[in-house]
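# Chains, contacts and geometry: an overview
The chain contents come next:
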Amino acid sequence: MPARVAEIAQATVEYLNSISDTEDKAAAMEAFTIESVLSGIEYYRVHDHIEQIAFVMQLPKLIEEHNAANPQNPVGLVVIDSIAFHFRTSSDMAQRTRLLTAMANQLMAVAVKFNVAVVVTNQVTVRGNAGVVPALGETWSHNATVRVLLERATESNSRRARLIKSNSHEPGIAYYEIKPEGVR
């Protein structure tokens, strides 16, 4: 488990304990510990595009096994950071597109079948006059149902999340900061 996840879990537990101002809230917080938070997180590290593809294709089985063993705590979120990393240097664009499309289709099927949110990060790159563009190109961006661009805010020390694509929300901006205790 990455140490950063443990830091955020600790800060979250401490914060929620500090605002537990009633007996009911305090009683609920007794079961909410750093260990209980971390026990609900599964972490897999892949080292190349082959492992990444294999992981995504095995994801339904992993979720089924987890949910069978933990019916009170089923998987609710899948995060892949970064979908682009192992594919950026690929010289065979047609093969890269096929593989990424297969993974996108699998992730969409997982989201629907298991009623989970799937969050996938992509990297950005600068291309000539186009400026900052998704590293995997516009084709990949069409696979997402919601696109959010995370960027540094030039007018402050904060960052901003820009909603670029959504079927149910208007484009918008939200500012945030990354602190030792997590995103605020």
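Refer to the preceding data block for the structure.
A brief structural summary.

Cut-offs used in this document
Residues numbered from 1 in each chain as written. Predicted model: local features only at pLDDT ≥ 70, side-chain atom pairs only at ≥ 80, totals over all residues. Heavy atoms only, no water. Helix = DSSP H or I, 4+ residues; strand = E, 2+ residues; numbered from the N terminus. Contact = heavy atoms within 4.5 Å. Areas by Shrake-Rupley, 256 points an atom, 1.4 Å probe, with all protein chains shown as cover. Buried < 20%, exposed > 50% of the residue type's maximum accessible area, 1.4 Å probe, protein only. Axes fitted to C-alpha atoms, helices over the stretch in contact; angles between N-to-C directions. Parallel < 35°, antiparallel > 145°, perpendicular 65-115°, else oblique. Nonpolar A, V, L, I, M, F, W, Y, C, P; charged D, E, K, R; others polar. Core = buried A, V, L, I, M, F, W, Y, C linked by side-chain atoms within 4.5 Å. Expected span 1.5 Å × (residues − 1). Arc of directions from axis to C-beta. Pairing = 2+ DSSP bridges.

## Section: the overall build of the protein chain
When helices and strands are counted, the protein chain shows 6 helices and 9 strands. With respect to the three principal axes, the spread of C-alpha positions in the protein chain is 60 × 45 × 35 Å. By sequence separation, contacts in the protein chain at least 24 residues apart represent 46% of the contacts at least 6 residues apart. Of the roughly 12400 Å² of accessible surface on the protein chain, 55% is carried by carbon and sulfur atoms.

## Here we look at unusual backbone geometry
With an omega dihedral of 10 degrees, the bond running from Asp81 to Ser82 counts as a cis peptide bond. Mapped onto the elements, Ser82 comes out in the loop between β1 (77–80) and α5 (93–114). Despite not being glycine, Asn115 has its phi angle at roughly 55 degrees, a positive value. Turning to its location among the elements, Asn115 is positioned in the loop between α5 and β2 (117–120). You can call Asn115 exposed: its relative accessible area is 69%.

## Considering the packing of helix α4 (residues 49–69) against α5
Where α4 meets α5, the axes come as close as 10 Å, and the angle between the chain directions of the two elements is 10 degrees. What the angle tells us is that α4 and α5 run roughly parallel. Taken together, the residues of α5 that come into contact with α4 (itself represented by His49, Gln52, Ile53, Val56, Met57, Leu59, Pro60, Ile63, Glu64 and Asn67) are Leu99, Ala102, Met103, Gln106, Leu107, Val110, Lys113 and Phe114. Within the contact of α4 with α5, the residues separate by chemical class into 12 nonpolar, 4 polar and 2 charged.

## Topic: the nonpolar core
By size, the foremost hydrophobic cluster in this structure holds 21 residues, and its most contacted members are Leu59, Ile63, Val78, Ile83, Leu100, Met103 and Leu136. Those elements that provide at least two residues to this core are α4, β1 and α5. Beyond its immediate sequence surroundings of up to four residues, Met103 is in contact with Gln52, Ile53, Val56, Met57, Ile83 and Phe87.

## Observations regarding α5
Taking 1.5 Å of rise per residue, 22 residues should cover 32 Å, and α5 covers 31 Å from first to last C-alpha, within 8% of that figure. Every buried residue belonging to α5 is among Arg96, Leu100, Met103, Ala104, Gln106, Leu107, Val110 and Phe114, and all of these are buried. Buried residues of α5, seen end-on, are gathered within an arc of 165 degrees and therefore sit on one face of the element. Exposed residues pointing more than 90 degrees away from the buried face of α5 are listed as Arg98, Val112 and Lys113.

## Here we look at the sheet that holds strand β5 (residues 147–152)
Strand order in the open sheet made by the 3 strands is β5-β6-β7, with antiparallel pairing throughout. Strands at the two margins of the open sheet, each flanked by one partner only, are β5 and β7 (172–176). On average, adjacent strands in this sheet sit at an angle of 25 degrees to one another, irrespective of strand direction. Pairing of β5 with strand β6 (residues 159–165) involves 6 bridges; the strand directions are antiparallel. What sits directly across from Glu151, in β6, is Arg160.

## Remarks on the side chain of Arg160
If you trace the backbone, Arg160 turns up in strand β6. Judged by relative accessible area, which is 14%, Arg160 ranks as buried. With residues near it in sequence (within four places) discarded, Arg160 still touches Leu149, Leu150, Glu151, Arg152, Ala153, Thr154, Glu155, Ile173, Ala174, Tyr175 and Tyr176.

## Quick notes on the environment of Ser156
The topology assignment puts Ser156 in the loop between β5 and β6. The partly exposed category is assigned to Ser156, whose relative accessible area is 34%. Separated by 19 residues in sequence, Ser156 and Tyr175 place their C-alpha atoms 9.7 Å apart.

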